[in-house]
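# Geometric and topological summary
Residues per chain, in single letters:
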Amino acid sequence: DPFAALMDAWTSAGIENITITPTQQVSVDTLTSDRESNNSTDRRRLRARAVFGRVEAVVQDMWQRVRDRNSFDASPTRRIVHQLIDQIARDEDTLVEFTALKEFDEYTYYHSVNVAIYSIAVGMRLGFDRERLTGLGIAALSHDIGKVKLPHDLIVKPEEFDEDDWVQIKRHPVLGALTLANMRRIDASLA
């Protein structure tokens, strides 16, 4: 039983602030049997999808601005992280469902949004306040920003990476840290 093994490992590690619960198998018949429940679920999913879409748009804009101008406006990013925090606080499960979405062309954006959703959800479970959750969300959204400094063909390469590709791709965390540090210095000098 994989769940029992995971729970044993979790307990052995002494992790107390995060609870793991098994997923439930739900049949299609069960899902369609209660219209009122479905309408409520549909409304929750629509709200979650809207927030997810706005987050993705902000991430795309952030990446494009870093690529084109080596800077981005942090205000929309902060606002969207606040919306993400509010949505997760209202309905974590529905928003987490969207982390399963993947499209090849949009992989990195979805990945950044997914990392932010999971990070904020874990931060909430750990009792972080809104300020810490905001910082965590912004860090999660920008954690792969260094990829904009790499050749686009490398990022979307459909074949397996060769040794040279891996050398290049492993540079993205350092490139991201340098990019964000440089932007922070520019922002501080303007303040």
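Relevant structure appears above.
Residues numbered from 1 in each chain as written. Predicted model: local features only at pLDDT ≥ 70, side-chain atom pairs only at ≥ 80, totals over all residues. Heavy atoms only, no water.

With that out of the way, let us pick up the nonpolar core. Residues Val55, Leu84, Ile120 and Leu141 are the most contacted members of the largest nonpolar core, which totals 25 residues. Those elements giving two or more residues to this core turn out to be α3 (35-69), α4 (74-97), α5 (107-125) and α6 (130-141). Looking at which element gives the most residues to this core, the answer is α3, with eight residues. (Core = buried A, V, L, I, M, F, W, Y, C linked by side-chain atoms within 4.5 Å. Buried < 20%, exposed > 50% of the residue type's maximum accessible area, 1.4 Å probe, protein only. Helix = DSSP H or I, 4+ residues; strand = E, 2+ residues; numbered from the N terminus.)

Now for the environment of Leu136. In this fold, Leu136 is placed in helix α6. Overall, the relative accessible area of 27% leaves Leu136 in the partly exposed class.

This part is about the pattern of salt bridges. Counted under the stated rule, the structure contains four salt bridges. Measuring nitrogen to oxygen at the nearest pair gives 3.6 Å for the salt bridge that ties Asp144 to Lys147. On the accessibility criterion, Asp144 (6% relative accessible area) is buried. By relative accessible area, Lys147 is classed as buried at 15%. (Salt bridge = Lys/Arg side-chain N within 4 Å of Asp/Glu carboxyl O.)

Let us look at the packing of aromatic side chains. For the structure shown, the criterion picks out one aromatic pair. With centroids separated by 5.0 Å and ring planes inclined at 75°, the aromatic side chains of Phe161 and Trp166 adopt a geometry described as edge-to-face. The exposure class assigned to Phe161 is partly exposed, which follows from its relative accessible area of 22%. With a relative accessible area of 44%, Trp166 lands in the partly exposed category. Above the ring of Phe128, the side-chain terminus of Arg132 is found at 3.9 Å from the ring centroid. (Phe/Tyr/Trp six-rings, centres within 6.5 Å; stacked < 30°, edge-to-face > 60°. Lys NZ or Arg CZ within 6 Å of the ring centre and 35° of its normal.)

The next thing to look at is the side chain of Thr134. Mapped onto the elements, Thr134 comes out in helix α6. Contacts of Thr134, omitting those with residues within four sequence positions, involve Arg78, Val81, His82 and Ile85. (Contact = heavy atoms within 4.5 Å.)

With 12 residues, α6 extends 16 Å from end C-alpha to end C-alpha; this agrees with the ideal 16 Å at 1.5 Å per step. Burial in α6 covers these residues: Leu133, Thr134, Gly137, Ala140 and Leu141. Each buried residue of α6 sits inside an arc of 130° when the element is viewed along its axis, so together they form one side. Away from the buried face of α6 by more than 90 degrees, exposed residues Glu131 and Arg132 are located. (Expected span 1.5 Å × (residues − 1). Arc of directions from axis to C-beta.)

This part covers the environment of Asp129. Tracing the chain through its elements places Asp129 in the loop between α5 and α6. A polar contact of 2.8 Å, which involves the side chain of Asp129, links it to the backbone nitrogen of Arg132. (Polar contact = N/O pair within 3.5 Å; in protein donor to acceptor, adjacent residues only side chain to side chain.)

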